[in-house]
There are 2 protein chains.
Amino acid sequence: MLDSPVVSTDSVVFQLQNSKLAVLLIKRAKSPSKGEWALPGGYNSAGEVTQDAMVRVLRLKAGLDIKMLPLVDQLYTFDTDAVGNNGNAVVVTYMGLGRDIVLKASDTLQSPTFFAVENVPRLPFNHNEIIEYAHKRLAAKLTYTNSVFALLPKFFTLTQLQNAYETILDHKYDKRNFRKKFLSLKMVEPTDKYLHEGAHRPALLYRFRHQKLQTLSRSFD
Amino acid sequence: MLDSPVVSTDSVVFQLQNSKLAVLLIKRAKSPSKGEWALPGGYNSAGEVTQDAMVRVLRLKAGLDIKMLPLVDQLYTFDTDAVGNNGNAVVVTYMGLGRDIVLKASDTLQSPTFFAVENVPRLPFNHNEIIEYAHKRLAAKLTYTNSVFALLPKFFTLTQLQNAYETILDHKYDKRNFRKKFLSLKMVEPTDKYLHEGAHRPALLYRFRHQKLQTLSRSFD
DNA sequence: ACAAAAGTGTTAAGAATACACCCATGT
DNA sequence: ACATGGGTGTATTCTTAACACTTTTGT
């Protein structure tokens, strides 16, 4: 074995909650920063590939099966000079997108909880920076791919779709133009179902034409 | 020290040569694949951050000072199951863009040479895959940023600019529309110099308005 | 009947595309 | 004078952006 930096993996798992972008945090079980909120992550053991480390850590610390995440992307690899007193580390980060993730509480888990991104506390290491970076990348991806599909339920209203874009891109859109654009992009198609949910006209439910990542023919902004 | 995968760094350095995209390769000094062409790369030592490893390797093996590269980006981090018999490795890859790079031959270097991307031989490890990936990323970057500036000399003609786009994106553009678009993007501006280079009308030289990476207001395709 | 969100169309400005000829130079 | 690449304009189509009222439902 060569003398080399240590490899670890951190994951940013996003979903929408109450029309807000939310990120999964856990309570750290070990020093440093024991008991503080942080991104789920951990060291890779020898022979373990970073994707596998991510899967293992999410299951072990958050009780989350990666199959719950329709989209997972590598984000960026950070170099840190020193982690605790273990010398330097290379931290490979991933972003996962999901919907309707229900976390079960359990003594064996580390209090996995979704925090609205705007309410994320100050986190140890560079975890706040990682979340910011992930948010920016997600925003960029929404403009040139169909990646929202991974954040919305199978059936959704155009208002929900618009809300997703508005929260993530932090920008208001005109309802008529937004709808025209998305229908012309052929990203979504109407179903024959309606969502009845209040003292107002029910909303037609749509679905994505593909549940795979695709690049849009014209980008969105 | 924990038991962890080995970290190494590979670099894809591009420049334009005879209106073709070219990539820097070296001859490997060590097994495995000793004597074969490969991307410049190597293991990180403990305490060494991946960017520093890249700088060190390029200087040591290719005699290239990173300051010659106006733009360097992290590309992707690959996991490989086994490298030689050293167990698995995490390979952090970078892409550097340059212009007018003159390589000096030297016994202490490993025959650094630029190969036109279309003539790159079959390389060991996943180096062909890495180059393909870098090429795709570069193509994408040209469409939404001003990153060509790093590949062209300070003063250049619009034909040279168009050639750069055409080679990298593998697409022909209409001369009039191309010029209209780039001038309206305000990416470049005319100077008062001309390039005289043959039995034809001399070409007006332009320069970039910024030598820093910027995102374009409207993307290009 | 009222409150609440769903749904819908037109016009104007800007951007993209398609397309062909004259200009300035070196030999 | 000719060969070579540099340089330019217009018409059409498509895309974007701005903007306000009617519909359907639950209470």
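Remember, it's a predicted structure, so these values are computed and weren't measured experimentally. (Residues numbered from 1 in each chain as written. Chains lettered and ligands numbered in written order. Predicted model: local features only at pLDDT ≥ 70, side-chain atom pairs only at ≥ 80, totals over all residues. Heavy atoms only, no water.)

(A) Geometry of the overall build of chain A. Per the secondary structure count, chain A includes four helices and nine strands. The C-alpha atoms of chain A give a radius of gyration of 19 Å, which matches the 17 Å a tight globule of 221 residues would have. Summarising its shape, the C-alpha atoms of chain A cover approximately 60 × 35 × 30 Å along the three principal directions. Entry remark: accessible area of chain A is about 11400 Å², with carbon and sulfur atoms responsible for 49%. (Helix = DSSP H or I, 4+ residues; strand = E, 2+ residues; numbered from the N terminus. Rg over C-alpha atoms; globule rule 2.2 N^0.38 Å. Areas by Shrake-Rupley, 256 points an atom, 1.4 Å probe, with all protein chains shown as cover.)

(B) Summary view of the interface of chain B and chain A. Counting residues at the interface gives 25 residues for chain B and 26 residues for chain A. Taking both partners together, chain B and chain A bury about 2300 Å²; carbon and sulfur atoms supply 54% of that area. Linking chain B with chain A are zero salt bridges, by the criterion used here. If you look at where chain B meets chain A, you find 11 residue pairs in polar contact (both at pLDDT 80 or more). Of all elements in the fold, only strand S1 (6–17), helix H1 (50–62), strand S5 (71–80) and strand S6 (89–97) of chain B reach the threshold of two or more residues within the side of chain B that touches chain A. When residues of the side of chain B that touches chain A are assigned to their parent elements, the largest contribution, four residues, is made by S5 of chain B. (Contact = heavy atoms within 4.5 Å. Buried area = accessible area lost by both parts, 1.4 Å probe. Salt bridge = Lys/Arg side-chain N within 4 Å of Asp/Glu carboxyl O. Polar contact = N/O pair within 3.5 Å; in protein donor to acceptor, adjacent residues only side chain to side chain.)

(C) Quick peek at the layout of surface pockets. As a volume, the largest pocket reaches approximately 2100 Å³. In this structure, the largest pocket is lined by 48 residues; those nearest its centre are Ala140 and Tyr144 of chain A together with Ala140, Lys141 and Tyr144 of chain B. Of all the secondary-structure elements, those providing two or more residues to the lining of the largest pocket are strand S5 (71–80) and helix H2 (127–144) of chain A together with S5 and helix H2 (127–144) of chain B. By residue class, the composition of the lining of the largest pocket is 20 nonpolar, 16 polar and 12 charged. (1 Å grid on protein atoms, 1.4 Å probe; cavity = no way out; pocket = protein on both sides within 12 Å on 5 of 7 lines; lining within 4 Å. Points joined across faces, edges and corners; volume = space filled by probe spheres on them. Nonpolar A, V, L, I, M, F, W, Y, C, P; charged D, E, K, R; others polar.)

(D) Local environment of the protein's contact with DNA strand C. Around DNA strand C, the structure places 22 residues, and the nearest of them are Lys175, Lys180, His200 and Leu204 of chain A together with Asn177 of chain B. Backbone atoms, meaning sugar and phosphate, form 45% of the atoms of DNA strand C found within 4 Å of the protein. One of the side-chain nitrogen or oxygen atoms of Lys180 of chain B is found 3.3 Å away from a base oxygen of DNA strand C. Listed by contribution, the elements that provide at least two residues to the surface near DNA strand C are helix H4 (175–184) and strand S9 (203–208) of chain A together with helix H4 (175–184) of chain B. A per-class count over the surface near DNA strand C returns six nonpolar, five polar and 11 charged. (Near = heavy atom within 4 Å.)

(E) Spotlight on the environment of Val92 of chain A. Structurally, Val92 of chain A can be placed in strand S6 (residues 89–97). For the pair formed by Val92 of chain A and Thr50 of chain A, sequence separation is 42 residues and the distance between their alpha carbons is 7.2 Å. Those residues in contact with Val92 of chain A that lie beyond four places of it in its chain are Ser8, Thr9, Asp10, Thr50, Gln74, Tyr76 and Thr77 of chain A together with Thr77 and Val90 of chain B.

(F) Broad picture of the protein's contact with DNA strand D. In the neighbourhood of DNA strand D, 22 residues make up the surrounding shell, with Arg201 of chain A together with Lys175, Ala199, His200 and Leu204 of chain B lying closest. Within 4 Å of the protein, the contacting atoms of DNA strand D are drawn from sugar and phosphate to the extent of 43%. Side-chain polar atom of Asp174 of chain A to a base nitrogen of DNA strand D: 3.3 Å apart, as the coordinates give it. Between DNA strand D and Arg201 of chain A there is a distance of 2.7 Å, counted from a base oxygen to a backbone nitrogen or oxygen.

(G) Expanded view of the packing of aromatic side chains. Residues and elements named next belong to chain A. Applying the stated criterion across every chain yields a total of 28 aromatic pairs over all chains. Arranged with centres 5.0 Å apart and planes meeting at 70°, the rings of Trp37 and Phe115 form a pair that is edge-to-face. Of the two residues, Trp37 is situated in strand S3 (residues 37–38) and Phe115 in strand S7 (residues 113–116); the sequence distance between them amounts to 78 residues. Residue Trp37 is classed as partly exposed on the basis of its relative accessible area of 22%. Through successive ring pairs, a cluster of aromatic residues spans Tyr165, Tyr173, Phe178, Phe182 and Phe220. (Phe/Tyr/Trp six-rings, centres within 6.5 Å; stacked < 30°, edge-to-face > 60°. Buried < 20%, exposed > 50% of the residue type's maximum accessible area, 1.4 Å probe, protein only.)

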